[in-house]
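Coordinate analysis (summary)
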Amino acid sequence: MNLFFFLMIPQEEGFANRFLRLCVRNFRRAGFYSERNDFDGTSDSEPTFESCVFEKCGSGIFFESWNDYDFSIRGCTFKDNKKAGIECVHGCFYASACRFERNAVDIVADPPEHGSSVRRSVSVGSGVFLKGASKFTPVTVENTTVADWTSPQGAIQYDGTLLGFGNTFTMSGWVRLSGCTAYPRLFSRKKGYTDANGYTQQ
């Protein structure tokens, strides 16, 4: 079955869509998908996701239009998603107090069109915390804990302006390779790694 979940509640004038306490599991493409605006000429702006769970989907929340702005994501959980927890292509988002567990990538921002942010969140056991690139707009990561990422290329693989402060990056069970002078990488723009400049898990 090839299903994806798309829910849009009619808006009252002056009010954006609000999604509260949804639990979305096992959708192949995305738990929430905002389609490209070249299909119908409209974009989604200012939706709010609060206390939602996105688990075992392709991406938890996926939006890809030029004017998909100000996605507010608060207190949500993203677990075991095959592609990403939050996937932002051309829009912008503000995530706070979220939990990410064992996603291939927690957040894809490639490229965000306006400043985006992740604040007061936790990531445990995902491949990569933040991945993407942007020539123009910054991504802010503040007061966030990232633990036990699995990618040798680093927890953050972002080629662009990144503002980070008050964050904690921790690893458990990691050892230096013999002859290796590098420690587990937090940030990286390198394309590839070898045993001589990477790390291994104990």
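For the structure, check the block above.
Residues numbered from 1 in each chain as written. Predicted model: local features only at pLDDT ≥ 70, side-chain atom pairs only at ≥ 80, totals over all residues. Heavy atoms only, no water.

**Considering the packing of aromatic side chains**
Let me state the cut-off plainly: Under the pairing criterion, centres of Phe, Tyr and Trp rings, with the six-membered ring standing for Trp, must be within 6.5 Å; the plane angle then separates stacked pairs below 30 degrees from edge-to-face pairs above 60, leaving the rest tilted. The secondary structure listing takes helices from DSSP runs of H or I that are at least 4 residues long and strands from runs of E that are at least 2 residues long, numbered from the N terminus. Under the scheme applied here, a residue whose accessible area is under 20% of the maximum for its type counts as buried, over 50% as exposed, and between as partly exposed, the area being computed with a 1.4 Å probe on protein chains only. In this analysis the charged atom, NZ for Lys or CZ for Arg, is taken to sit over a ring once it is within 6 Å of the ring centre and within 35 degrees of the ring normal.
Going through the model one piece at a time under the given rule, you end up with 12 aromatic pairs. Measuring from ring centre to ring centre gives 5.2 Å for Y33 and F62, while their planes differ by 35°; the resulting arrangement is tilted. One end of the pair, Y33, is in strand β3 (residues 30–34); the other, F62, is in strand β6 (residues 59–63), and 29 residues separate them in sequence. Like Y33, the residue F62 is buried in the burial classification. Clustering of aromatic rings is evident, with ring pairs tying together F19, F32, F49, F54, F63, F71, F78, F100 and F129. Taking NZ or CZ as reference, R29 lies 4.1 Å from the ring centre of Y33, over its face. Between the NZ or CZ atom of K83 and the centre of the ring of F62, over which it lies, the distance is 5.7 Å.

**Some details on the side chain of E55**
Note the threshold: We call two residues in contact when some of their heavy atoms are within 4.5 Å.
You can see E55 is positioned in strand β5 (residues 53–55). The contacts of E55, once residues within four sequence positions are left out, are V24, R25, N26, K79, D80 and N81.

**Side note on the pattern of salt bridges**
Operational definition: Just to be clear on terms, a salt bridge is a Lys or Arg side-chain nitrogen sitting within 4 Å of an Asp or Glu carboxyl oxygen.
Tallying each qualifying case throughout the model produces 9 salt bridges. As a salt-bridge pair, R25 and E55 come within 2.7 Å of each other at their nearest N and O atoms. Of this pair, R25 sits in strand β2 (residues 23–25) while E55 sits in strand β5; the two residues are 30 residues apart in sequence, bridging distant segments of the chain. Bridged by salt links that share partners, the residues D80, R99, E101 and R102 form one connected network.

**Some words on the state of the cysteines**
Basically, it comes down to this: Cysteine sulfur atoms are paired as a disulfide whenever they fall within 2.5 Å.
Inspection of every chain in the model, using the stated rule, returns 0 disulfides. Free cysteine: C23, not disulfide-bonded; nearest cysteine sulfur from C57 at 9.0 Å.

**What about the environment of W149?**
Position of W149 relative to the elements: it lies in the loop between β17 (145–147) and β18 (156–159). Taking the relative accessible area as the measure of exposure, W149 reaches 2% and is therefore buried. For the pair W149 and S172, spaced 23 residues apart in sequence, the C-alpha separation works out to 9.8 Å.

**Quick look at the sheet that holds strand β15 (residues 128–133)**
For the record, the criterion: The pairing criterion is simple: DSSP has to find at least two bridges between the two strands. Comment: axis = line fitted to C-alpha atoms, over the contacting stretch for helices; angle = value between 0 and 180 degrees taken between N-to-C directions.
Reading across the sheet, the 6 strands line up as β3-β6-β9-β12-β15-β18 and stay open at both edges, with parallel pairing between neighbours. Bordering the open sheet on either side are β3 and β18, each of which pairs with just one other strand. Sheet twist, expressed as the average angle between the axes of neighbouring strands with direction ignored, equals 5°. Here strand β12 (residues 105–109) pairs with β15 via 4 bridges, running parallel. Residue pairing for β15: V108 is matched across the bridge by K131.

Honestly, it's all geometry; don't read function into it.
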